[in-house]
Amino acid sequence: SGINRTQFPLQYLGRWYFLAAAAAPGTEALDIFTIMDNAEFVVRESSEREKLYFRAAIRVKDGSCVPRKWIYIFTDRSIELRTEGHPDRITELFSTNCHHCIILKEREKNNSRLLLYARSSQLEEEFMEEFKNKSKCQGFKDILVIPQQQEYCHFEE
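Computed from a predicted structure; not experimentally measured. (Residues numbered from 1 in each chain as written. Predicted model: local features only at pLDDT ≥ 70, side-chain atom pairs only at ≥ 80, totals over all residues. Heavy atoms only, no water.)

Chemist: What's the story with the environment of Glu50 in this structure? I'm lost.
Modeler: Residue placement: Glu50 occurs in the loop between β2 (36–45) and β3 (51–60). On the basis of relative accessibility, which here comes to 28%, the residue Glu50 falls in the partly exposed class. In sequence terms Glu50 and Tyr72 are 22 residues apart; their C-alpha atoms lie 8.3 Å from each other. (Helix = DSSP H or I, 4+ residues; strand = E, 2+ residues; numbered from the N terminus. Buried < 20%, exposed > 50% of the residue type's maximum accessible area, 1.4 Å probe, protein only.)

Chemist: Is there a simple way to explain the packing of aromatic side chains in this structure?
Modeler: What describes a pair of aromatic rings is the distance from one ring centre to the other and the angle between the planes of the rings. Scanning the entire structure with this criterion turns up eight aromatic pairs. On the basis of an interplanar angle of 85° and a centroid distance of 5.2 Å, the ring pair of Phe41 and Tyr117 is categorised as edge-to-face. Remark: Tyr117 occurs in strand β8 (residues 111–118) and Phe41 occurs in strand β2; sequence separation between them is 76 residues. Just as Phe41 is buried, Tyr117 falls in that class too. For the pair Phe54 and Trp70, a centre-to-centre distance of 5.5 Å together with 25° between the ring planes defines the contact as stacked. On the criterion of sequence distance, the pair formed by Phe54 in strand β3 and Trp70 in strand β4 (residues 65–73) is long-range, its members being 16 residues apart. In textbook terms, an aromatic cluster arises when at least three aromatic residues are bridged by ring pairs, as seen for Phe18, Phe33, Phe41, Phe54, Trp70, Tyr72 and Tyr117. (Phe/Tyr/Trp six-rings, centres within 6.5 Å; stacked < 30°, edge-to-face > 60°.)

Chemist: So what exactly am I meant to see when it comes to the side chain of Glu130 here?
Modeler: One can find Glu130 in helix α1 (residues 125–137). Buried and unpaired, Glu130 has Lys134 as its nearest opposite-charge partner, separated by 4.1 Å. A distance of 3.0 Å separates the side chain of Glu130 from the side chain of Thr96, its partner in a polar contact. In this view, Glu130 contacts Thr96, Asn97 and Cys98; residues no more than four positions away in its chain are not counted. (Lys, Arg positive; Asp, Glu negative; His and termini not counted. Salt bridge = Lys/Arg side-chain N within 4 Å of Asp/Glu carboxyl O. Polar contact = N/O pair within 3.5 Å; in protein donor to acceptor, adjacent residues only side chain to side chain. Contact = heavy atoms within 4.5 Å.)

Chemist: Could you clarify how one ought to interpret the state of the cysteines in this entry?
Modeler: Cysteine pairs can be covalently joined through their sulfur atoms, and such a bond is termed a disulfide. The full count for this structure, using the stated rule, is two disulfides. Here Cys65 pairs with Cys153 through a disulfide, and the sulfurs are 2.1 Å apart. Negative torsions about the S-S bond denote left-handed disulfides, and the value of about -95° found for Cys65 with Cys153 makes this one left-handed. On the criterion of sequence distance, the pair formed by Cys65 in strand β4 and Cys153 in the segment after β9 (142–145) is long-range, its members being 88 residues apart. Looking at Cys65, the relative accessible area reads 41%, which means it is partly exposed. Between the sulfur atoms of Cys98 and its disulfide partner Cys101 the distance amounts to 2.1 Å. Its torsion about the S-S bond being 55°, the disulfide of Cys98 and Cys101 is classed as right-handed. Cys101 matches Cys98 in its accessibility class, with the two residues each being buried. With cysteine numbering restricted to those in disulfides and following the sequence, the protein chain has the pairing 1-4, 2-3. (Disulfide = S-S within 2.5 Å.)

Chemist: Help me understand the nonpolar core, please; the structure alone is not making it clear to me.
Modeler: One broad trend across soluble globular proteins is that nonpolar side chains are buried collectively. By size, the foremost hydrophobic cluster in this structure holds 26 residues, and its most contacted members are Phe18, Phe33, Phe41 and Tyr117. Counting only elements with at least two residues in this core, the list comes to β1 (14–23), β2, β3, β7 (101–108) and β8. In this structure, Leu19, Phe94, Leu116 and Phe140 belong to the second largest nonpolar core, which totals 17 residues. (Core = buried A, V, L, I, M, F, W, Y, C linked by side-chain atoms within 4.5 Å.)

Chemist: Please clarify how the side chain of Ser135 should be interpreted in this entry.
Modeler: Along the chain, the position of Ser135 falls in helix α1. For Ser135, a relative accessible area of 0% corresponds to the buried category. At 2.8 Å, the side chain of Ser135 and the backbone oxygen of Phe131 are in polar contact. Excluding residues that lie within four positions of it along the chain, Ser135 makes contacts with Ala22, Leu114, Phe140 and Ile143.

Everything listed here is a matter of geometry and, on its own, says nothing about what the molecule does.
Below is the structure:
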């Protein structure tokens, strides 16, 4: 795991699709994602050197669109990201063979989960299998693949 500091955060800017999540069995770590049909994210750089802005357009299974915004905070001395307003949440970036993917590990209180994002809403099976294998190595045997059966929501500018 770790952040590629040579291009950070440039390689993470732009549009991403949320494709899957994994957590340990018997936890509530995936509950928030079970109502989603799909989710698209945009990552933007901040004028403040150590912040990244995230914006999400989430399509809920009932057809409604839910916008979300938050800020990740990072420092040159750490591979961890913090979420503004959530001091107990720690996010780590995991390495992956998929150059157009991001795997994040979120830890907060007693919950922990892996999240898979990609530049495209469709992912090659080999990379989904890699995510599943990384999840199992972390003890995360519950894997939720986001359905993506409805049209994606549009971002409001």
